[in-house]
Amino acid sequence: MEIGIVGLPNVGKSTIFNALTSGNAAASNYPFTTIEPNVGVVAVPDARLGRLTELVKPKKTVPTSCRFVDIAGLVKGASQGEGLGNKFLANIREVDAILHMVRLFQDPDVVHTMGGVDYRRDIEVIETELMLADLDSLTKQYDKVTAKARSGDKASKEALVVLDILKNGLEAGKPARALGLEPEILKNFFLLTTQPVLYVGNTDENPDPAILADFQAFAKERGSESVVICGKLESEIAQLSGEDREIFMKDLGMEQSGLEKVVVAAYKTLGLCSFLTSGVQEVRAWTIPIGAKAPQAAGVIHTDFEKGFIKADIYAFEDIDKYKSEAALREKGLIRSEGKEYVVKDGDVCHFKFNV
C-alpha cells in the first residue's frame, strides 16, 4: 500500500517525508525542489509488538509498514500542464491514498506560491485541479463508451449511467469518493479523486488553537482523518534515538510523536488493521484490510496458507497482556478455534493451521 504526500510547494512535504523515513529528499525554499517522487518504507507504530516481545522473547520482532511517496508540489493550472502538473497527476494515479499536507504556519522567510497562508484556499486549489483532471478523463471515456452503448453493448450502457453520476458530481465540485459509489465500481474509471484523503496540517511551535480547531473541523466535514504536526519539531525528534529521544519528547509533554500519529492515521485512512503472530522465532505484525476473513489473513503470510487453510487458533492481545502466557490462556479457555468465516480483528494473535 502506498500513500502519496501531496500539497502546494513549500508546505513542508519533503521535510515531513525526511522525518518519516529518515530519508534525504531535498527540502528547500523553492517550488519544485522535488521533481521525481521519493519513496520510503515506514514502520507502523504498535506498542503491542513491544509487549509481546517482552513476554515471548523471540529471536526477532518485525513491525508492519506503509510506503510513503513524496510527490512534486502542485500549482494552480496543473490539470492543464502548469508547473509539473502532468508528472504530478501521473504519480497520484499510482498511490492508494493521499496525505494532503497543508501549511498552517506563518514564516516570511518561506515563500508561499499563493501569496499568503490560507489552508482552505490551498486545499481547494489542489482538489479543483484533481477534479478538472478527472473531468477531462471522463470526457474521453464518455465518448468511447457512448459509441459502444449505441451498438447495444450492455456493459457500456451500465457504464454510461455511472459516468453520468461521476460527471454531474464533479461538475458540482464533489470528488468521486463522495458520490456514494462502491469502491469496486470506481476502480474501473481510474480517477484521481477516488483515493481516500488524510489531511495533515504543518504548523509552528506555538500554533493558534482556533486555527487548529477550524482545520480539524474542516477535515471532519469531509469525512477524513486529520493530524496537526510541527514539521520543524518533528525533524528534530527524528534525528534523535533511544533515551535522548524519550527525554526530549518527555520535556515537550509528548507521549507519541506527531509522525507516529500520521502513520497510524494513514493506516486507518487506508482501511487497514493489524493482526499478530507470535513464536520464539519471530513476533510480527501483518497488514490486512478491515473485515478480512481468516483465510485471507493467512494468505498475507503465504499464499499456500490461504489455499490450504483449515482453521486458526486465535486469542486477543489484551488477554496475553493480562495473563502473560499462552499456557495461562489455554487454562482459562481464552484461545479460540476459528474457521473460514471468522473476521480477523485488529490485535488478534493468530496461529494458522493448513494443508500443504
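Definitions and cut-offs
Residues numbered from 1 in each chain as written. Predicted model: local features only at pLDDT ≥ 70, side-chain atom pairs only at ≥ 80, totals over all residues. Heavy atoms only, no water. Helix = DSSP H or I, 4+ residues; strand = E, 2+ residues; numbered from the N terminus. Buried < 20%, exposed > 50% of the residue type's maximum accessible area, 1.4 Å probe, protein only. Contact = heavy atoms within 4.5 Å. Areas by Shrake-Rupley, 256 points an atom, 1.4 Å probe, with all protein chains shown as cover. UniProt positions renumbered as here; feature names shortened; annotations may be inferred. Lys, Arg positive; Asp, Glu negative; His and termini not counted. Salt bridge = Lys/Arg side-chain N within 4 Å of Asp/Glu carboxyl O. Axes fitted to C-alpha atoms, helices over the stretch in contact; angles between N-to-C directions. Parallel < 35°, antiparallel > 145°, perpendicular 65-115°, else oblique. Phe/Tyr/Trp six-rings, centres within 6.5 Å; stacked < 30°, edge-to-face > 60°. Lys NZ or Arg CZ within 6 Å of the ring centre and 35° of its normal.

*Asks:* An account of the overall build of the protein chain is requested, with residue identities and associated values reported.
*Replies:* For the protein chain, the helix and strand inventory stands at 14 helices and twelve strands. Looking at the protein chain residue by residue over its 356 residues, the buried ones come to 46%. In the protein chain, of all internal contacts separated by at least 6 residues, the share reaching a separation of at least 24 is 67%. In the structure as shown, the protein chain presents an accessible area of about 18200 Å², 51% of it carried by carbon and sulfur atoms.

*Asks:* Lay out the UniProt feature "binding site: ATP" (unreviewed entry) in the protein chain with the relevant residues and their values.
*Replies:* With numbering matched to this structure, UniProt assigns "binding site: ATP" (unreviewed entry) to N10, V11, G12, K13, S14 and T15. One can find V11 in the loop between β1 (2-6) and α1 (13-21). Here V11 is in contact with M101, V102, R103, F105 and N202, once residues within four sequence places are set aside. By secondary structure assignment, the location of S14 is in helix α1. Taking relative accessible area as the criterion, S14 reaches 8% and is therefore assigned buried.

*Asks:* Outline the side chain of D70, listing residues and values.
*Replies:* Structurally, D70 can be placed in strand β4 (residues 65-70). Although D70 is buried, it forms no salt bridge, and the closest oppositely charged side chain is K13 at an N-O distance of 5.1 Å.

*Asks:* Give me the pattern of salt bridges: which residues, what numbers.
*Replies:* Counting across every chain of the model gives 20 salt bridges. Note that E282 and K60 form a salt bridge whose closest N and O atoms lie 3.6 Å from each other. Placement of the pair is E282 in strand β9 (residues 282-289) and K60 in strand β3 (residues 60-62), with a sequence separation of 222 residues. For K60, a relative accessible area of 47% gives the class partly exposed. A cluster of three or more residues bridged by salt bridges with shared partners is formed by D46, R48 and D346.

*Asks:* Provide a residue-level description of the packing of helix α4 (residues 119-150) against helix α7 (residues 209-221), including the pertinent values.
*Replies:* Angle between the axes and distance between the axes are the two parameters that describe a pair of packed helices. Their axes nearest at 11 Å, the elements α4 and α7 cross at an angle of 30°. Comparing their axes, α7 and α4 come out roughly parallel. Counted together, Y119, R120 and I123 of α4 and D214, F215 and F218 of α7 form the full contact between these two elements.

*Asks:* Provide a residue-level description of the packing of aromatic side chains, including the pertinent values.
*Replies:* To describe a pair of aromatic rings, one takes the distance between the centres and the angle between the planes. Taken as a whole and assessed by the stated rule, the structure comprises seven aromatic pairs. Aromatic side chains F275 and W286 sit 6.5 Å apart centroid to centroid with 15° between the ring planes, which places their arrangement in the stacked category. Taken together, the residues F275 in strand β8 (residues 272-278) and W286 in strand β9 connect sequence positions eleven residues apart. Pair check on accessibility: F275 and W286 agree, each one buried. In this structure an aromatic cluster arises from ring pairing among Y119, Y199, F215 and F218. Across from the ring centre of W286, 4.2 Å away, lies the NZ or CZ of R284, which sits over that ring.

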